[in-house]
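What follows is the residue order along each chain.
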Amino acid sequence: MKKVMIWSLSLSVIIHLLYFLGVMAFGYYQTVTYMPDILASYENTNYLQNEVAFGVVGNPLIYFVTFFFLTIVCFAILFGLKKRSSYGSV
């Protein structure tokens, strides 16, 4: 039971790390491949912004909640697989 819980926590950490690295890699890719259309931007100068926003700040509690629920889901799947494999061997 303890091993299954450790595996569940490990899988949850790995899945969350893959998610964060994927989001960062996609943002990096968009930044590197961005080519502004300078000519088209000079045609429409009426609606220039006065402020600059660097991203969005969300509630960090959502990551703890998803980590907790993903751990529970991983635990249920791993526990069911372990029970199923030990049931067939008896």
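What counts, and where the lines are drawn
Residues numbered from 1 in each chain as written. Predicted model: local features only at pLDDT ≥ 70, side-chain atom pairs only at ≥ 80, totals over all residues. Heavy atoms only, no water. Helix = DSSP H or I, 4+ residues; strand = E, 2+ residues; numbered from the N terminus. Areas by Shrake-Rupley, 256 points an atom, 1.4 Å probe, with all protein chains shown as cover. Phe/Tyr/Trp six-rings, centres within 6.5 Å; stacked < 30°, edge-to-face > 60°. Buried < 20%, exposed > 50% of the residue type's maximum accessible area, 1.4 Å probe, protein only. Patch = residues over 30% accessible without salt bridge, like charges linked within 9 Å, V, L, I, M, F, W, Y side chains within 5 Å. Salt bridge = Lys/Arg side-chain N within 4 Å of Asp/Glu carboxyl O. pLDDT = per-residue confidence, 0-100. Polar contact = N/O pair within 3.5 Å; in protein donor to acceptor, adjacent residues only side chain to side chain. Contact = heavy atoms within 4.5 Å.

*Asks:* Whenever I open this one, the overall build of the protein chain confuses me. Can you help?
*Replies:* Summing up its helical and strand segments, the protein chain has three helices and zero strands in all. Listed N to C, the secondary structure of the protein chain is α-α-α in terms of helices and strands. For the protein chain, the computed accessible surface area is about 8,600 Å², with 71% contributed by carbon and sulfur atoms.

*Asks:* Hey, could you run me through the packing of aromatic side chains in this one?
*Replies:* How two aromatic rings sit relative to each other is set out by the distance from centre to centre and by the angle between their planes. Overall, the coordinates contain four aromatic pairs when judged by the stated rule. These aromatic residues form a ring-pair network of at least three members: Tyr19, Phe20 and Tyr63.

*Asks:* Got a minute to help me understand the environment of Ile15 in this structure?
*Replies:* Examined against the element boundaries, Ile15 turns out to sit in helix H1 (residues 2-33). Judged by relative accessible area, Ile15 falls into the partly exposed class, the value being 39%. Ile15 sits 55 residues away from Leu70 along the chain, and the two C-alpha atoms are 8.8 Å apart.

*Asks:* Please clarify how a nonpolar patch on the surface should be interpreted in this entry.
*Replies:* Taken together, the side chains of Tyr19, Val23, Leu61, Ile62, Tyr63, Phe64, Val65, Phe68, Phe69 and Ile72 define a hydrophobic patch exposed on the protein surface, amounting to about 1,000 Å² of accessible area. Elements that contribute at least two residues to the nonpolar patch include exactly H1 and helix H3 (61-89). Looking at which element gives the most residues to the nonpolar patch, the answer is H3, with eight residues. Here Ile72 shows up in helix H3.

*Asks:* I tried to follow the confidence of the model for the protein chain on my own but got confused; where do I start?
*Replies:* Where the model shows low pLDDT, its predicted coordinates should not be examined in detail. Of all residues in the protein chain, 88% have pLDDT values of 70 or greater, and the mean over the chain is 85. The least confident element of the protein chain, judged by mean pLDDT, is helix H2 (residues 38-43) at 72; the most confident is H1 at 94.

*Asks:* Where do I start with the side chain of His16 in this structure?
*Replies:* Note that His16 resides in helix H1. From its side chain, His16 meets the backbone oxygen of Ser12 in a polar contact 2.9 Å long. Contact partners of His16, with chain neighbours within four places excluded, come to Tyr63, Thr66, Phe67 and Leu70.

*Asks:* Could you clarify how one ought to interpret the side chain of Ser12 in this entry?
*Replies:* Note that Ser12 resides in helix H1. With near-sequence residues (within four places) excluded, Ser12 lies in contact with Phe67, Leu70 and Thr71.

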